[in-house]
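Fold and contact review
Take a look at the letters that make up each chain.
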Amino acid sequence: MRADNYGWDAGYDACTPSGGQSDWGEWLAAMDGAKVTTYITNNGNGTADIKAVMVGNNNMTYYQEYIGIGAVDPNNCYFNFTVDGSHIEFDDAIGADDNSTAFWGAHSEMIKVPVGNTYTTRFKNFTSGANNWNNFCVVLTRADNSEYAVVRADNYGWGDSYGACMPSGGQTDWGAWLAAMDESMVTVSVTNHGSSADVQCVMVGNNGVSYLQDYIGISPIDGDDLFFRFTVDGCHLIFE
């Protein structure tokens, strides 16, 4: 799927593109330096959705959707980006390279998650290894930065909306997990259900073992006002 309302392959043939832009010349000029947020949703029923929000260099917001992409194995669904006469810059590191940044000492940009959507991001996690909590944290907030909940990599969190959620329970061997978290590849998905949200983390350790950590049913939230960002505590993150 491309940014300009076009795609191919069997999965694409089943989907409904949103139709593109009313003024392609204006859109193309605005795309140089545009800030793009892409939402990938695995619907769990053999289909997936892609929604892109493109804020151009003219401060105009453009949308492109591909709804109902078919032929998707819900248990084996991944995505990546490629380029064609373009280049992409992703958010860079959060925190000092030596993992000395204290808790709440560095934050990523806030990302909005619309109702019914899942936003997935992938990064490499580096840790001092001193404690279980010296890893990434996910902060769920409103646009005004007031918090719903903060959840950590190690099955712990807090906030007004945290108490209602169901954490997955953490790891059977915390020592092995902590040792594996330095240079681990982490995929975090945040889903907005309208009145509740889920945070699901897959951490592939430096030992090749996959560790899971979920927080299901964070509530209440205002589905029209859900954002998230990352912060650190004795760690640093590099985003893809």
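What comes next is a walk through the structure.

**Observations regarding the sheet that holds strand β2 (residues 35–42)**
Pairing is antiparallel across the open sheet formed by four strands, whose spatial order is β1-β4-β3-β2. A single partner strand is all that each edge strand has here, and the edge strands are β1 (16–17) and β2. As judged from the seven bridges shared by strand β3 (residues 48–55) and strand β4 (residues 61–69), these two strands associate in the antiparallel manner. Across the sheet, the residue bridging to Ile-50 is Tyr-66, located in β4.

**Considering a nonpolar patch on the surface**
A contiguous nonpolar patch, built from Phe-79, Phe-81, Val-83, Ile-88 and Phe-90 and spanning about 450 Å² of accessible area, is present on the exposed surface. Mapped onto the fold, Ile-88 is located in the loop between β4 and β5 (111–112). On the basis of relative accessible area, Ile-88 is assigned to the partly exposed category, the value being 40%.

**Some thoughts on the state of the cysteines**
With the rule as written, the count across this model stands at zero disulfides. The thiol of Cys-77 is not disulfide-bonded; the next cysteine sulfur, from Cys-15, is found 13 Å away. Judged by its relative accessible area of 30%, Cys-77 is partly exposed. Of all cysteine sulfurs, the one in Cys-137 lies closest to Cys-235, which takes part in no disulfide; the gap is 7.0 Å. According to the relative accessible area criterion, Cys-235 is buried, its value standing at 0%.

**Structural notes on the packing of aromatic side chains**
Given two aromatic rings, one states the distance between the centres and the angle between the planes to describe the pair. Under the definition given, this model contains 16 aromatic pairs. Consider the rings of Phe-103 and Trp-104, whose centres lie 5.2 Å apart with planes at 50°: the pair is tilted. Of the residues examined, Phe-103 reaches a relative accessible area of 37% and is grouped as partly exposed. Residues Tyr-162 and Tyr-215 carry aromatic rings whose centres are separated by 6.1 Å and whose planes lie at 55° to one another, so their mutual orientation is tilted. Of this pair, Tyr-162 sits in the loop between β9 (157–158) and β10 (166–167) while Tyr-215 sits in strand β13 (residues 210–218), and the two are 53 residues apart along the sequence. We classify Tyr-162 as buried; its relative accessible area is 15%. Its relative accessible area of 0% is what places Tyr-215 among the buried residues.

**Considerations on the nonpolar core**
Ranked by internal contacts, the top residues of the largest apolar core, which has 38 residues, are Phe-136, Val-138, Leu-140, Val-188, Val-199, Phe-228 and Phe-230. Tallying contributions element by element places strand β12 (residues 197–204) first for this core, with four residues. Setting aside residues up to four positions removed in sequence, Phe-230 forms contacts with Ile-94, Ala-106, His-107, Ser-108, Thr-121, Phe-123, Cys-137, Val-138, Val-188, Leu-237 and Phe-239. In terms of nonpolar packing, the next biggest core, distinct from the first, is built from eight residues, Ala-48, Ile-50, Tyr-66 and Ile-69 among them.

Criteria and cut-off values
- Residues numbered from 1 in each chain as written.
- Predicted model: local features only at pLDDT ≥ 70, side-chain atom pairs only at ≥ 80, totals over all residues.
- Heavy atoms only, no water.
- Pairing = 2+ DSSP bridges.
- Helix = DSSP H or I, 4+ residues; strand = E, 2+ residues; numbered from the N terminus.
- Patch = residues over 30% accessible without salt bridge, like charges linked within 9 Å, V, L, I, M, F, W, Y side chains within 5 Å.
- Areas by Shrake-Rupley, 256 points an atom, 1.4 Å probe, with all protein chains shown as cover.
- Salt bridge = Lys/Arg side-chain N within 4 Å of Asp/Glu carboxyl O.
- Buried < 20%, exposed > 50% of the residue type's maximum accessible area, 1.4 Å probe, protein only.
- Disulfide = S-S within 2.5 Å.
- Phe/Tyr/Trp six-rings, centres within 6.5 Å; stacked < 30°, edge-to-face > 60°.
- Core = buried A, V, L, I, M, F, W, Y, C linked by side-chain atoms within 4.5 Å.
- Contact = heavy atoms within 4.5 Å.

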